[in-house]
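The residues making up each chain are set out below.
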Amino acid sequence: MAVTNSASMTISEMREFAGFEPAEQRYIKRSLDIGLGRQDAFKLWARNEGESAAIRSQYVAYQELKTLRAAIPQETALSQIEGFIGKLTRVAAFDLAQERIECFSAFRFLYERLLGADVRPWLPSAFCAAAALPQIRPERRKILLQSLSEAAATAPGWSDRAPSFYPEFIDAEAA
């Protein structure tokens with residue numbers, strides 16, 4: 001039964017990922033390579049100098065991820081929120097400012113994998129904070145903030161099940 005449950009969750013995650021725009025999918029895969037240290041993102045993802053510069057900036061922004069993974073506060077621990085949510089908002093603002101993440105679902109999908117399941121309760125507030133910053137163009141701000149559903153914003157609880165599907169780059173020849 002556990003294997004069936006796990007397989008159906010993986011398929012559900014794959015379907016969710018397939019529903020994202022191609023640019024979102026590409027950015028998520030690149031971000032996972034950078035954030036999880038899976039591949040050399042420059043070799044794999046840089047098609048031109050502009051992308052090389054963006055990848056370099058992303059490596060710098062993602063240096064906070066290791067600290068964030070170790071600092072996820074308990075939901076009721078108010079004393080730990082300031083340092084955590086500030087850093088998470090800064091990294092999230094970097095990602096949203098790249099204009100590749102189009103909605104909260106794609107943001108949540110990426111950050112659950114970058115930081116783990118325990119970050120789920122903090123994602124709506126970090127997303128809203130980052131999306132509302134002046135670094136995000138006003139028309140993008142509106143689109144991003146409207147993508148956060150009421151259910152996601154007011155969820156009474158979150159699953160602690162770790163993500164099981166981590167999308168990767170697949171060479172066209174291998175596919």
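Model, not experiment: these values are computed from the prediction.

Colleague: Quick question: what am I supposed to make of the packing of aromatic side chains here?
Modeller: Each aromatic ring pair is specified by the distance between its two centres and by the angle formed by the two planes. According to the stated counting rule, one finds 12 aromatic pairs in the structure shown. Ring centres 5.1 Å apart and planes at 55 degrees place the aromatic pair Phe107 and Phe127 in the tilted group. One end of the pair, Phe107, is in helix α7 (residues 104–115); the other, Phe127, is in helix α8 (residues 123–131), with 20 residues separating them in the sequence. Residue classification places Phe107 among the buried positions, given a relative accessible area of 0%. The class for Phe127 is buried, based on a relative accessible area of 0%. Lying over the aromatic face of Phe109, Arg113 brings its terminal NZ or CZ to 3.6 Å of the ring centre. Positioned over the ring face of Tyr166 is Arg113, at 5.9 Å from the centre of the ring.

Colleague: What is the right way to read the side chain of Glu112 from this model?
Modeller: Assignment of secondary structure puts Glu112 in helix α7. In this structure Glu112 comes out as buried when scored by relative accessible area, which is 5%. At 3.5 Å, the side chain of Glu112 forms a polar contact with the side chain of Arg113. A polar side-chain atom of Glu112 sits 2.7 Å from a polar atom in the side chain of Arg120. The residues touching Glu112, leaving out its near neighbours within four places in the chain, are Ala117, Val119, Arg120, Leu123 and Pro163.

Colleague: What's the story with unusual backbone geometry in this structure? I'm lost.
Modeller: Glycine aside, residues mostly have negative phi angles, and peptide bonds mostly take the trans form. Positive phi is not limited to glycine here, since Glu99 has a value of about 60 degrees. With respect to the helices and strands, the residue Glu99 is situated in the loop between α6 (81–97) and α7. Take Glu99: its relative accessible area is 30%, and that puts it in the partly exposed class.

Conventions and cut-offs
- Residues numbered from 1 in each chain as written.
- Predicted model: local features only at pLDDT ≥ 70, side-chain atom pairs only at ≥ 80, totals over all residues.
- Heavy atoms only, no water.
- Phe/Tyr/Trp six-rings, centres within 6.5 Å; stacked < 30°, edge-to-face > 60°.
- Helix = DSSP H or I, 4+ residues; strand = E, 2+ residues; numbered from the N terminus.
- Buried < 20%, exposed > 50% of the residue type's maximum accessible area, 1.4 Å probe, protein only.
- Lys NZ or Arg CZ within 6 Å of the ring centre and 35° of its normal.
- Polar contact = N/O pair within 3.5 Å; in protein donor to acceptor, adjacent residues only side chain to side chain.
- Contact = heavy atoms within 4.5 Å.

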